[in-house]
Amino acid sequence: MATSFESHSEQATGSAPAPERVTFRALVLGVITIGMAMWYTSYFATNLVKSYLPVVSLIPFVMWVGINMGLNRFATRFALSRTELLTIFGMMWLVGNLSATGWGLYAVSLFPGPEFYASPENRLREVVIPFLPDWLFLDANVPIVRQVYTGLRQGETVPWLLWARPFFWWFVACIAGLMAGFFGSVLFYKQWHEKERLVFPMSQFSVALVEGADEGRVPVVFRDRVFWIGFACVAGVIGWNIIGYFTLSLPRITVFGHWLTKAVSLGVYYPPYYLRIQPLLMGLAYLCPVDILFSVWFYDLINIFKMGALNRTGFTVGLPGQPAKAGEITNLEMHGALVFLVLWSLWVAREHLKETFQKGFVRPQEDDDGAPVTYRMAWIGLAISTFGLVGWMLSSGMSIGAAVVQLVLLFFCYFGIAKYAATTGFTFLIPGGSKGLGLMNSMVGTQHLTPGSQTMMVLMNRNIFMGAASRTTSLVAIPHIFRMLGRNLRRHPWIWGMIPLAYLVGYVSAGGFYLERCYAEGGLNGLMVPNAMNSLTRQLPYIEGSKVTVFDPQKFGVWLFGFAQAGVLMYLRNRFTWWSFHPVAVAFRPRMYAFCVFLVWLMKVVVLRFGGIGLYRRSIPFWYGAIVGYLVGVAVSSVIDAIWFPDQGHFVHGW
């Protein structure tokens, strides 16, 4: 069985003999799946969206794999091919962070929020609201708008047309960012896949789950006993806890419990260490290279004791009046490392990028082998999308300088996320500096930023623009979709067209369902963000000019230290084969998942040490089974909560 699984895994990497195609049927089923998932999560499972590969995307995929096994057995002519299954999954993955607490909750809370939360105490109306474009927000003083907080009266209907304007204009910004990510992925994909040999663990798992579906049989991995052992280990724990929902005397197994219950205090001045176990992250991280796993958990320990020492001594960095404490110092260091990694990636890919440009604009047209669009279209599309996003920023009130700086910061954030999610397989990666607002306030300064620029930068750094940086699934999903299609990645309008189509359907359905729920139940009944304007309120002194930060050379020195640190680590890694510390550990926080990474590293080292590569390959189905067992357990628990415990629920998935 090991040989069979390995041979099919090799096919998954791109050696499948018979190319398939993305079908219209797959697109229709993908749209239907998106709509149903957005509806369910908006009403019954608002917490299933948190990660770069959210379970709200994976659960429907596993369901379709199960349905397809039934079709292969009882209605073969209706069965889906592996490419069709992966198409449905890819479309769902693209929009996995849009529903509920991923984006829809924040959109419905924010659009009417400025006027609703404005008060004499917070002075939003005097200082901030004059700089908010009318076409991006709604006036909560209008009775029908205000009823999103209190609920509709009997016989009244949701004012869809009134909300269409802000939804549309925020969609323009989001789709510009999405398409820039798509065209950028076209330009970098072959560099990452063929030359740098990135692992793409998230796509390996999804491909393994459908491998063999075209043979009219049960997929190969489901025929492996090791897979079912992993499935039982995880699903059994969750199943036991589900029984406890109804039998209160049954003790709960808390091994997969909430991160707050797993905190271990290391001292007054030290950040806590979290003994968190998350099967989804661990199963995918098992495919991550050993050196990266080691680097992440080991540097996290260093960082904990470094922050503790800084807190204990009261050490700060910065000019008088704008000191940076331990947490801010760490963020500056991480962002410097992130910028180095991104610039290094561009430098390594320089010949490839030059080649794509020549194929697109200099060489004969038949040399342009870009997919799923030509390199010419990719370069032009990237330019149009970028200028479109900059134009949107300028129209919203940002100055040209602020728009360019924000665009560059977004590029470092999203490029780093996309590449290193493909490198590590970590479903929770938090980049240093996030989208960049904190870096602007801390190091660059607000002295030269206009009030309108600061206001819009705050909003773009919130979830309303493509979701939070820690769970922006669309830009992570695109290169993984290319990898899943393998040799079937070719120029066809249905392949590249499914990306904006899926995002449009997800955007409209996620926003629409959540808006309808708030009007039906009353947003103030725990359905909306109670502190929707807090980020603007905190920035208010800077916007009005009563508090100003200036460029801080001391903080810039910390940032440069992070940049240089990553550079030295990269040099040592490339110079000495024995050097095993990867600079990615300096640029991204594992947050509360460092213990997960440590366990995976330890198990992988033991397997490779005593069983070699053969035992490692043989053990991979165990982790795939653990992931599927986790997804099935989460799905069953969610449905039971929706039916029997709609007002309470039980924690089974989250941070």
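You'll find the structure just up there.
Residues numbered from 1 in each chain as written. Predicted model: local features only at pLDDT ≥ 70, side-chain atom pairs only at ≥ 80, totals over all residues. Heavy atoms only, no water.

Peer 1: Would you explain the packing of aromatic side chains in this entry?
Peer 2: The geometry of an aromatic ring pair is captured by two quantities: the separation of the ring centres and the angle between the planes. A complete count under the given rule lists 70 aromatic pairs for this structure. Ring centres of F227 and W228 lie 5.0 Å apart, and the angle between their planes is 85°; on these two criteria the pair is classed as edge-to-face. On the basis of relative accessibility, which here comes to 0%, the residue F227 falls in the buried class. On the accessibility criterion, W228 (40% relative accessible area) is partly exposed. Seen in terms of ring centroids, F357 and W379 are 5.7 Å apart; in terms of plane orientation they differ by 85°. Their pairing is edge-to-face. With a gap of 22 residues between them, F357 in helix α15 (residues 350–361) and W379 in helix α16 (residues 375–395) connect regions that are remote in the sequence. Here the basic side chain of R350 rests over the ring of W347, its NZ or CZ set 3.8 Å away from the ring centre. (Phe/Tyr/Trp six-rings, centres within 6.5 Å; stacked < 30°, edge-to-face > 60°. Buried < 20%, exposed > 50% of the residue type's maximum accessible area, 1.4 Å probe, protein only. Helix = DSSP H or I, 4+ residues; strand = E, 2+ residues; numbered from the N terminus. Lys NZ or Arg CZ within 6 Å of the ring centre and 35° of its normal.)

Peer 1: Where do I start with the packing of helix α2 (residues 24–43) against helix α4 (residues 82–94) in this structure?
Peer 2: Where α2 meets α4, the closest approach of the two axes is 8 Å, and the angle between their N-to-C directions is 40°. When the interaxial angle is binned, α2 and α4 end up oblique. The element α2 and its partner α4 pack so that their crossing is right-handed. Facing R25, A26, L27, L29, G30, V31, T33, I34, A37 and M38 of α2, the residues of α4 in contact are E84, T87, I88, M91 and M92. Classifying every residue of the contact of α2 with α4 gives 10 nonpolar, three polar and two charged. (Axes fitted to C-alpha atoms, helices over the stretch in contact; angles between N-to-C directions. Parallel < 35°, antiparallel > 145°, perpendicular 65-115°, else oblique. Left-handed = near helix turned anticlockwise from the far one by under 90°. Contact = heavy atoms within 4.5 Å. Nonpolar A, V, L, I, M, F, W, Y, C, P; charged D, E, K, R; others polar.)

Peer 1: For this particular structure, what's the right way to read the pattern of salt bridges?
Peer 2: In a structure, side chains of opposite charge can pair up when their charged atoms sit close to one another. Within the structure shown, the criterion is met by 16 salt bridges. Where E333 meets K306, a salt bridge forms, and the shortest distance between an N and an O atom there is 2.6 Å. Of this pair, E333 sits in helix α14 (residues 326–348) while K306 sits in helix α13 (residues 290–313), and the two are 27 residues apart along the sequence. On the basis of relative accessible area, K306 is assigned to the partly exposed category, the value being 25%. Of the charged contacts, one joins D369 and K359 as a salt bridge, the two residues approaching to 3.1 Å between their closest N and O atoms. Of this pair, D369 sits in the loop between α15 and α16 while K359 sits in helix α15, and the two are 10 residues apart along the sequence. Three or more residues are tied together by salt bridges with common partners; here these are K190, K195, E355, K359 and D369. (Salt bridge = Lys/Arg side-chain N within 4 Å of Asp/Glu carboxyl O.)

Peer 1: How do you make sense of the nonpolar core when you look at a structure like this?
Peer 2: Nonpolar side chains tend toward joint burial in soluble globular proteins. Of all hydrophobic cores here, the largest spans 226 residues; its most connected members are W170, F465 and Y503. The element best represented in this core is helix α25 (residues 594–644), accounting for 19 residues. With residues up to four places along the chain from it excluded, the contact list for W170 reads F111, L136, F137, W392, M456, L459, I464, F465 and Y507. (Core = buried A, V, L, I, M, F, W, Y, C linked by side-chain atoms within 4.5 Å.)

Peer 1: It is not clear to me how the environment of A107 should be interpreted in this structure. Could you clarify?
Peer 2: Note that A107 resides in helix α5 (residues 104–110). The buried category is assigned to A107, whose relative accessible area is 0%. Distance in space between the C-alpha atoms of A107 and A532 is 9.7 Å, their sequence separation being 425 residues.

So far we have only geometry, and geometry alone does not tell us how the molecule works.
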